[in-house]
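# Inside the fold
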Amino acid sequence: MTDALLSRRSLITQGAAVLATGAAGLLVPARAAGLAPTPSMRGGSNNYRLGAPVVDRIGRGGFWMTGTVRRAGDGAPLTGQRIQIWAHTTEGHERDPQSHGATLTDEKGEFRLEMPQIVPAFGQPHGHLAYDSGAFETVFLRPVMSSSKDKTLAAHFVLQPL
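This section reports on the structure supplied with the text. Here the structure is a predicted model, which means the values were calculated and not measured. (Residues numbered from 1 in each chain as written. Predicted model: local features only at pLDDT ≥ 70, side-chain atom pairs only at ≥ 80, totals over all residues. Heavy atoms only, no water.)

## Here we look at the overall build of the chain
Secondary structure assignment for the chain yields one helix and nine strands. The buried share among the 162 residues of the chain stands at 38%. Within the chain, counting contacts between residues at least 6 apart in sequence, those at least 24 apart form 73% of the total. By element, 57% of the accessible surface of the chain is carried by carbon and sulfur atoms, the whole surface being about 9600 Å². (Helix = DSSP H or I, 4+ residues; strand = E, 2+ residues; numbered from the N terminus. Buried < 20%, exposed > 50% of the residue type's maximum accessible area, 1.4 Å probe, protein only. Contact = heavy atoms within 4.5 Å. Areas by Shrake-Rupley, 256 points an atom, 1.4 Å probe, with all protein chains shown as cover.)

What follows is the structure, given as structure tokens:
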């Protein structure tokens, strides 16, 4: 009798799960598949300098700012996109011209720029990044490091076409 009850309970439970899943599938509206654009972050544009030059490295280096740039919607990597980077470092303040530089994304939509070690400003070690080239909406990011001893900081952009 116990085997019959367990089998009946299992059948009822599994059947209910199938019905619930099927019903939920019918009630949930279709959603567009795609990647949402990255919103600008508060404080991201602080000390921004329009037209910072594309450089191989900022200062003497030792710290790496890295990331990716993709198109909103399909997530395709964006090649040749200009990303400006600046920060408060061991060699200067984020407002100083020598603390600013830009780099371009590669064929995978990735960027990488060596710069001096980022140090805390206003209590937090953080970087500033901007996409501002004009083919997509401008985005400013201000990622915060988990420790001022970190040697890298990554930031990722998903850009909305104009």
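## Comments concerning the sheet that holds strand β2 (residues 82-87)
Taken together, four strands build an open sheet; the order of strands is β3-β2-β7-β8 and the sheet is antiparallel. Each end of this open sheet is capped by a strand with a single partner; those strands are β3 (100-104) and β8 (139-141). Neighbour-to-neighbour, the strand axes of this sheet turn through a mean angle of 20 degrees, independent of strand direction. Sheet analysis places β2 next to β3, joined by five bridges and oriented antiparallel. Across the sheet, residue Arg82 finds its bridge partner in β3, namely Leu104. (Pairing = 2+ DSSP bridges. Axes fitted to C-alpha atoms, helices over the stretch in contact; angles between N-to-C directions.)

## Describing the pairing of strand β7 (residues 127-131)
The buried fraction of β7 is high, at five of five residues. Burial along β7 is two-sided: Gly127, Leu129 and Tyr131 facing one way and His128 and Ala130 facing the other are all buried. The sheet contact formed by β2 and β7 spans five bridges and is antiparallel. Looking across to β7, one finds that Ile83 is bridged to Tyr131.

## Side note on the pattern of salt bridges
Taken as a whole and judged by the stated rule, the model has three salt bridges. The closest approach of N and O atoms between Glu91 and Arg60, which form a salt bridge, is 3.5 Å. Of this pair, Glu91 sits in the loop between β2 and β3 while Arg60 sits in the loop between α1 (2-27) and β1 (63-71), and the two are 31 residues apart along the sequence. Residue class for Glu91 comes out partly exposed when judged on its relative accessible area of 25%. For Arg60, a relative accessible area of 67% translates into the label exposed. (Salt bridge = Lys/Arg side-chain N within 4 Å of Asp/Glu carboxyl O.)

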